[in-house]
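Okay, here's what each chain looks like letter by letter:
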Amino acid sequence: MKRDVVITGIGLASSLGEGLEPHAAALAAGQAPIVDTESFAPYPVHRLKPLELDRQIPKKSDQRQMEPWQRLGVYTAGLALDSAGLKEDAQTKSELQVIVAAGGGERDHAVDSAILTGLRGMNETGAFLNERLMGDLRPTLFLAQLSNLLAGNISIVHGITGASRTFMGEEQAGVDAIRTAHARIASGQAEIMLVGGAYNAERRDMLLLFELGGFLRHGDYAPVFGRHSNPGLIVGSAAAFLVLESAERAAARGAKVFARLDNVVADRSPRRAAGAVEASLGKLVAELGPVAPFALAVSAATGIAGITTEEANVIAGLNQARRIATGDLLGHAVEAAFPASIALAAAALDAGHASEAIVTGVGHWRGEGAAHLSKA
Amino acid sequence: MSTHRDAKGRPIVAVTGLGVVTSLGQGKDANWEALTAGRSGIHRIERFPIDGLRTTIAGTVDFLFDEPFTAPELSEKLATLAAEEAVTQSGLGEAGAFPGELFMAVPPVEIEWPQRQELAGEIEGDADYDGLLRAAATHKYKAMHELFLFGGVADHIADRFGTKGSPISLSTACSSGATAIQMGVEAIRRGETQAALCIGTDGSVHAEALIRFSLLSALSTQNEPAEAAAKPFSKNRDGFVMGEGAGALVLEDYDHALARGATILGIVAGCGERGDGFHRTRSSPDGKPAILAMQDALADAGLTPADIDYINAHGTSTPENDKMEAMSCTAVFGERMAELPISSNKSMIGHTLTAAGAVEAVFSFLTIAKGRIPPTINYTQPDAAIPLDVVPNVARDAKVRTVISNSFGFGGQNTCLVLAAAPEAA
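Residues numbered from 1 in each chain as written. Chains lettered and ligands numbered in written order. Predicted model: local features only at pLDDT ≥ 70, side-chain atom pairs only at ≥ 80, totals over all residues.

The name given to chain B in an unreviewed UniProt entry is Beta-ketoacyl-ACP synthase, with Bosea caraganae as the source organism. Looking at chain B in UniProt, the text filed under Sequence similarities (unreviewed entry) is "Belongs to the thiolase-like superfamily. Beta-ketoacyl-ACP synthases family." As recorded by UniProt, the Pathway (unreviewed entry) comment attached to chain B reads in full: "Lipid metabolism; fatty acid biosynthesis." (UniProt positions renumbered as here; feature names shortened; annotations may be inferred.)

As annotated in an unreviewed UniProt entry, chain A carries the name Beta-ketoacyl-ACP synthase and is attributed to Bosea caraganae.

So, in structure tokens, the structure goes:
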């Protein structure tokens, strides 16, 4: 059994604002990105346009139980449910399966800094560390930063009692989340799924992991595909959630369809040699089948040296495709980068900018993915 | 060649390889011997200083490294050992070229204190995150990036075993191991792959991890004697004990396994999962999500409660879980619960967290194969509120063809698996 899968709900939030409108406008107009080069200097960051949290997370007690990436994700999942017309549909929410691509691991900076400073010059550090952690860690921080608790909070705040799964693994988690949700619906294992991810870029502890590997661009903004002299990724706070649904189910309830998600494929090249990403991604795009001329190519590329050029080469092989880098609009949103790119492609198809779209993604360290979408 | 399908017309998912490591030892034989002898792997923590901690015991795996190590390194080592045992038993594929996908339950990772201290040593003045970033920008610590990526452990396992496609790193908290198996089942049923390597691993007992659970009052504080602290379903149960380990299963399309003459160890007959929107750490008081997850798993397997011979409990030894689980089982199995054996491996190995669903699935298949049910040890004070046959303290011989294995986790995760003996040759 291979059934059509359609996108019937889109939730998006980023530096550009929330919902489809500002993102569709930016897609159409090629608007200048909103980048803050001061607050986290030398790292430029696309900062989130502040959200009125009460609109999607009415209880302050819920808001307090989450770190900002969880709030951003829960908020955006709510936008997707609203967009799909499911917010008040208790029956559907009891069946709705959720896949979240999540990071996590936020720290209490003040506690960490005080402990690290205190540990300086100590020989026996264990007792001090235990005492300070027992005394200074907020008990609720653990849950507020735990990967699967974004899904848990979506369930609590929006009343979704279908099962959730959380994928981890940076960018590829976002690719595999969309791929798995699509495969489950296409094969008849599920009827409707909520899938997406959220990333909060405005944290030094999150920047740290990328900087350890030397993956961050320093200085000013430059477009993703124009960073040759100073390569690296520029992170952006963003979240994207999609409601995916079997075409029959969507038709039966008269749902608005933004686009059809035809196929999603993924692989992992070991990247031991130059050209490995191009070969892997090229093979994936070929697996998607023929692409009409003048398709839209939405890329979740990072801007990292080598692999970004290899991705560009694959996109250049598409017949007269118009290329858009999600990172130029939102910044790089790691786990949310691929879901956000799918959301942008669906918005563009819905707005009539093209009749087909290809979405590509190459993780900063591992993983390649691609998807094909068509106008509904 | 004939084609076999389950009651719903789907490919049957066979198990052709099993591997396990816990605090009881490495490999199925060592674990089974200890489990059926009622021996505990829980002990006083020696890995890090325990000064000032309320809980000072755990089921850590201490026999794999001589040098200090991080949680992702131990998690990877545990997974490697369990997977080697499972893949070798299955005889599937060439060495380093496993012909199927990888589904891996891994603990969320983050930079740990020794590494943070190393970075702080690079800078002068306050050791704040701006300073740590300056240290990182020297690019002297590049190896830490790969070490602390969420996707790193699964990537290394994919490299080592040569699995196909994009490896999945997943978390559904304490039901993660069961979810990894469920995802393998689904992929085989879709016909996407004919084999899957499903692993749950957790080697994340370090000071901060323990303190986090301690601050949530989730852990037993009855430190003396250590081996008596985990006492699922007992009246005096007071929290779980952290454990480490890994379980690995080779899942395979039944016909594919038959065609190559593989020994079929059993089948994963059904899976059920439900979310719970009640609370971040507590289960719905009515047990509804757990009840529905068990019922879904039975329905998915095309079976009824009467077909189940044994329940491999989640049985964490927390006051709340065990009460909720007992009540939910009674709702599903009715009057049969008085005589249906239910035992918790966690009484001996502790709660292996991310790995638990996979480790306990391996033990469930061993229970079926050996016809012997591992006990719930430390059952000296029965809880009158939850009268169960917990197979108290001593292993029991029994004919077990079909098991339901429960896993429940923080964040409203409920996953149940129906695991069964191999079908009669057809």
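Participant: Please give an account of the overall build of chain A that cites residues and values.
Facilitator: When helices and strands are tallied, chain A shows 15 helices and 11 strands. When burial is assessed residue by residue, chain A has 60% of its 376 residues classed as buried. (Helix = DSSP H or I, 4+ residues; strand = E, 2+ residues; numbered from the N terminus. Buried ≥ 20, exposed ≤ 12 C-beta atoms within 10 Å, placed from the backbone.)

Participant: Help me get a handle on the overall build of chain B, residues and values and all.
Facilitator: A tally of helices and strands in chain B yields 13 helices and 15 strands. Its C-alpha atoms give chain B a radius of gyration of 21 Å, within 12% of the compact-globule value 22 Å for 426 residues. For the C-alpha atoms alone, the extent of chain B along its principal axes is close to 70 × 55 × 40 Å. Within chain B, the fraction of its 426 residues that count as buried is 62%. (Rg over C-alpha atoms; globule rule 2.2 N^0.38 Å.)

Participant: Quick rundown of the domain arrangement of chain B? Include the residues and the values.
Facilitator: All names here are of chain B. Partitioning chain B into structural domains gives domain 1 (13-110 + 148-420) and domain 2 (114-146). Distance from the C-alpha centre of domain 1 to the C-alpha centre of domain 2: 37 Å. If you look at the interface, domain 1 gives four residues, while domain 2 gives four residues. Residues belonging to the side of domain 1 that touches domain 2 are distributed by class as follows: three nonpolar, one polar and no charged. (Domains from an automatic or database assignment. Contact = placed C-beta atoms within 7 Å. Nonpolar A, V, L, I, M, F, W, Y, C, P; charged D, E, K, R; others polar.)

Participant: An account of the packing of helix 6 (residues 126-136) of chain A against helix 8 (residues 207-215) of chain B is requested, with residue identities and associated values reported.
Facilitator: In contact at an axis separation of 10 Å, helix 6 of chain A and helix 8 of chain B are set at 30 degrees when each is read in the N-to-C sense. One element, helix 6 of chain A, and the other, helix 8 of chain B, form an angle in the roughly parallel class. Relative to helix 8 of chain B, helix 6 of chain A is oriented so that their crossing is right-handed. Along its contact with helix 6 of chain A, which presents Leu129, Asn130, Leu133 and Met134 of chain A, the element helix 8 of chain B presents Ala207, Glu208 and Ile211 of chain B. (Axes fitted to C-alpha atoms, helices over the stretch in contact; angles between N-to-C directions. Parallel < 35°, antiparallel > 145°, perpendicular 65-115°, else oblique. Left-handed = near helix turned anticlockwise from the far one by under 90°.)

Participant: I'd like to hear about the interface of chain A and chain B, residue by residue, with values.
Facilitator: With 64 residues of chain A at the contact, the number on the chain B side is 65 residues. Looking at the side of chain A that touches chain B, the elements that each hand over two or more residues are helix 5 (109-119), helix 6, helix 7 (141-145), helix 8 (149-158), strand 4 (164-168), helix 9 (170-186), helix 10 (204-212) and strand 7 (259-267) of chain A. Grouping the amino acids of the side of chain A that touches chain B by side-chain chemistry returns 27 nonpolar, 25 polar and 12 charged. Pairing of strand 4 of chain A with strand 6 (residues 164-171) of chain B, which is carried by three bridges, proceeds in the antiparallel orientation. Residue pairing across strands places threonine 166 of chain A opposite serine 171 of chain B, the latter belonging to strand 6 of chain B. (Pairing = 2+ DSSP bridges.)

Participant: Any chance you could break down the nonpolar core for me, citing the residues and the numbers?
Facilitator: Nonpolar side chains tend to gather and get buried jointly when the protein is soluble and globular. If you look at the biggest cluster of nonpolar residues, it comprises 279 residues, and the most contacted ones within it are Ile199, Leu249 and Ala358 of chain B. Considering each element in turn, this core owes the most residues, 11 residues, to helix 15 (residues 337-350) of chain A. (Core = buried A, V, L, I, M, F, W, Y, C linked by C-beta atoms within 7 Å.)

Participant: Can you lay out helix 3 (residues 68-84) of chain A for me, pointing to particular residues and giving the numbers?
Facilitator: The periodicity of an α-helix, 3.6 residues per turn, causes residues three or four positions apart to be oriented the same way. Residues and elements named next belong to chain A. Taking 1.5 Å of rise per residue, 17 residues should cover 24 Å, and helix 3 covers 24 Å from first to last C-alpha, within 8% of that figure. Within helix 3, 15 of the 17 residues are buried, which leaves the element mostly enclosed by the surrounding structure. Following helix 3 by one or two positions, glycine 85 adopts a phi angle in the positive range, close to 70 degrees. (Expected span 1.5 Å × (residues − 1).)

Participant: Give a description of the confidence of the model for chain B that names residues and reports values.
Facilitator: Summarising the model, chain B shows a mean pLDDT of 97, and 99% of its residues fall at 70 or more. On the interface metric, ipTM, the complex scores 0.97, and its pTM is 0.98. (pLDDT = per-residue confidence, 0-100.)

Participant: Which residues make up the environment of glutamine 182 of chain B, and what are the values?
Facilitator: All names here are of chain B. Among the secondary structure elements, glutamine 182 is positioned in helix 7 (residues 176-189). The sequence separation of glutamine 182 and alanine 338 amounts to 156 residues, and the corresponding C-alpha distance is 29 Å. Among residues more than four places away in sequence, those in contact with glutamine 182 are Cys271, Glu273 and Thr415.

Participant: Kindly report on unusual backbone geometry, identifying the contributing residues and their values.
Facilitator: Here the amide bond leading from alanine 41 of chain A into proline 42 of chain A is cis, since omega sits at 10 degrees, within 30 degrees of zero. Among the structural elements, proline 42 of chain A can be located in the loop between helix 1 (20-29) and helix 2 (60-64). Of the consecutive residues glutamate 224 of chain B and proline 225 of chain B, the connecting peptide bond is found in the cis state with omega at -15 degrees. We note that valine 391 of chain B has phi near 55 degrees; this positive angle belongs to a residue other than glycine. Looking at where valine 391 of chain B falls in the secondary structure, it is placed in the loop between strand 12 (372-373) and strand 13 (396-397). What makes valine 391 of chain B buried here is the crowd of 23 C-beta atoms within 10 Å.

Participant: Which residues make up the UniProt feature "domain: Beta-ketoacyl synthase-like N-terminal" (unreviewed entry) in chain A, and what values go with them?
Facilitator: In the numbering used here, UniProt assigns the "domain: Beta-ketoacyl synthase-like N-terminal" (unreviewed entry) feature to residues 3-250 of chain A. Along residues 3-250 of chain A the backbone is 42% helical and 16% strand, and the end-to-end C-alpha distance reaches 12 Å.

Participant: Please provide a residue-by-residue account of the pairing of strand 7 (residues 195-202) of chain B, values included.
Facilitator: Residues and elements named next belong to chain B. Most of strand 7 sits out of view: eight of its eight residues are buried. Covered by surrounding structure in strand 7 are Ala195, Leu197, Ile199 and Thr201 together with Ala196, Cys198, Gly200 and Asp202, the residues of both alternating faces. Where strand 5 (residues 101-105) and strand 7 come together, five bridges link them in parallel fashion. When the bridges of strand 7 are listed, glutamate 101 appears paired with alanine 196.

Participant: Before we move on, can you summarise the packing of helix 1 of chain A against helix 15 of chain A with the specific residues and values?
Facilitator: Residues and elements named next belong to chain A. Taken N-terminus to C-terminus, the directions of helix 1 and helix 15 make an angle of 75 degrees; their axes are 10 Å apart at the nearest point. Here helix 15 runs roughly perpendicular to helix 1, going by the angle between their axes. Two secondary-structure elements touch here, helix 1 through Leu20, His23, Ala24 and Leu27 and helix 15 through Leu344, Ala347 and Ala348.

Participant: Tell me about helix 8 of chain A, and please be specific about residues and values.
Facilitator: Residue and element names in this part refer to chain A. The buried fraction of helix 8 is high, at 10 of 10 residues. Every buried residue of helix 8 is accounted for by Leu149, Leu150, Ala151, Gly152, Asn153, Ile154, Ser155, Ile156, Val157 and His158. After helix 8 finishes, the residue glycine 159 shows a positive phi value of roughly 70 degrees.

Participant: So what's going on with the environment of proline 339 of chain A? Which residues, and what values?
Facilitator: Residues and elements named next belong to chain A. Take proline 339: it is sitting in helix 15. When the 36 C-beta atoms within 10 Å are taken as the criterion, proline 339 is described as buried. Distance in space between the C-alpha atoms of proline 339 and alanine 279 is 23 Å, their sequence separation being 60 residues. Every residue in contact with proline 339, bar those within four places of it in the chain, is listed here: Ala101, Gly174, Ala177, Ile178, Val195, Gly196, Gly197, Ala240 and Leu242.

Participant: Report on the pairing of strand 8 (residues 296-299) of chain A, specifying residues and quantitative values.
Facilitator: All names here are of chain A. Residues of strand 8 alternate between two faces, with Leu296 and Val298 on one and Ala297 and Ser299 on the opposite face, all of them buried. Pairing of strand 8 with strand 9 (residues 322-325), which is carried by four bridges, proceeds in the parallel orientation. Its bridge partner being in strand 9, serine 299 is matched across the sheet by alanine 325. Examined bridge by bridge, strand 8 and strand 10 (residues 356-362) share four bridges and lie parallel to one another.

Participant: Can you tell me about the environment of alanine 371 of chain A, naming the residues and giving the values?
Facilitator: Residues and elements named next belong to chain A. Tracing the backbone shows alanine 371 in strand 11 (residues 368-374). The buried category is assigned to alanine 371, around which 27 C-beta atoms lie within 10 Å. Taking the C-alpha atoms as reference, alanine 371 lies 25 Å from phenylalanine 215; in sequence the two are 156 residues apart.

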